[in-house]
Amino acid sequence: KRGSDGKMESYSVGFTIFDARGLVTPSGGPVDPLVVVRCCGQEYRTDIKRSKQEIVVWNESKIWSNLQMYPDQFSSAFIEFEVQARNAFWRNDVIGKCSLQLEMIRRRKTHQYTKKWLTLYGENQTGGMGIIKITVFAVGPGDQPPSPDDDMADAQDEEGEREDLEDLHKAVLGGAEGTAGGTGK
């Protein structure tokens, strides 16, 4: 695919995973959770936390800079957060996941969603499997990267919160039909 001018451009995507709460686990009890983040062919895995379920704290950040894509590839790209329960002997169990469209993030004034709670959805599940608190940014050519001041401005911008929630619902994938993907907390 090619953009309108046919040139590849450089984009940057970054995130912080703060914590997850109320994980609905396969066994119904504590597990060893981790988060796998995927975006544009990149993958990041958090540290594994031991015997957690109600509150899991990671506070881990990553920036992927210089992601080369055509503009139309970027406009259809997503970042996915998948919470897994580590399994020592076979494949990890997926607790739930959520995704955000990069273009929706980039269109925001600060090019980021700051400290937003997103609902995790399991495969073929209609209810949430827990929530995860993240900050995500996406910038492209000519964009000013977010700064810590933008975090504060975004977090305190009550005026645009309803609009943000609508944007977030549009940007979130994985929710069942008719349900909201983010809680806006």
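Residues numbered from 1 in each chain as written. Predicted model: local features only at pLDDT ≥ 70, side-chain atom pairs only at ≥ 80, totals over all residues. Heavy atoms only, no water.

## Considerations on the overall build of the protein
Regarding its fold elements, the protein presents four helices and nine strands. Ordered by position from N to C terminus, the α and β elements of the protein give β-β-β-β-α-β-β-α-β-β-α-α-β. Going through the 185 residues of the protein one by one, you find that 46% of them count as buried. In the protein, of all internal contacts separated by at least 6 residues, the share reaching a separation of at least 24 is 67%. Split by element, the accessible area of the protein, about 9800 Å² in all, is 46% carbon and sulfur. (Helix = DSSP H or I, 4+ residues; strand = E, 2+ residues; numbered from the N terminus. Buried < 20%, exposed > 50% of the residue type's maximum accessible area, 1.4 Å probe, protein only. Contact = heavy atoms within 4.5 Å. Areas by Shrake-Rupley, 256 points an atom, 1.4 Å probe, with all protein chains shown as cover.)

## So, the pattern of salt bridges
Once the charged atoms of two side chains with opposite charge are near each other, the side chains can pair. Applying the stated criterion across every chain, the model contains 11 salt bridges. Between Glu 43 and Arg 38 there is a salt bridge, and its shortest N-O distance comes to 3.2 Å. A residue is classified by how much of its surface remains accessible, and Glu 43, at 43% relative accessible area, is partly exposed. Put simply, Glu 82 and Lys 97 hold a salt bridge, and the shortest N to O gap is 3.7 Å. Residue Glu 82 is located in strand E5 (residues 78-85), and its partner Lys 97 is located in strand E6 (residues 93-101); the two are separated by 15 residues in the primary sequence. (Salt bridge = Lys/Arg side-chain N within 4 Å of Asp/Glu carboxyl O.)

## What about the pairing of strand E2 (residues 33-39)?
Across the seven residues of E2, six count as buried, placing the element largely inside the fold. Note: E2 against E5, seven bridges, orientation antiparallel. Bridged to Pro 33 within E5 is Ala 85. Between E2 and strand E3 (residues 42-45), which follow one another and run antiparallel, lie two residues, and Cys 40 among them has a positive phi close to 50 degrees. (Pairing = 2+ DSSP bridges.)

## Here's the deal with the confidence of the model for the protein
With 77% of its residues at a pLDDT of 70 or more, the protein has an overall mean of 84. A low-confidence stretch, residues 174-185 stays under pLDDT 50, and its non-local contacts, those more than four residues away or across chains, total 28 contacts. (pLDDT = per-residue confidence, 0-100.)

## Observations regarding the side chain of Arg 108
Counting through the fold element by element, Arg 108 comes out in the loop between helix H2 (102-106) and strand E7 (112-121). On the basis of relative accessibility, which here comes to 7%, the residue Arg 108 falls in the buried class.

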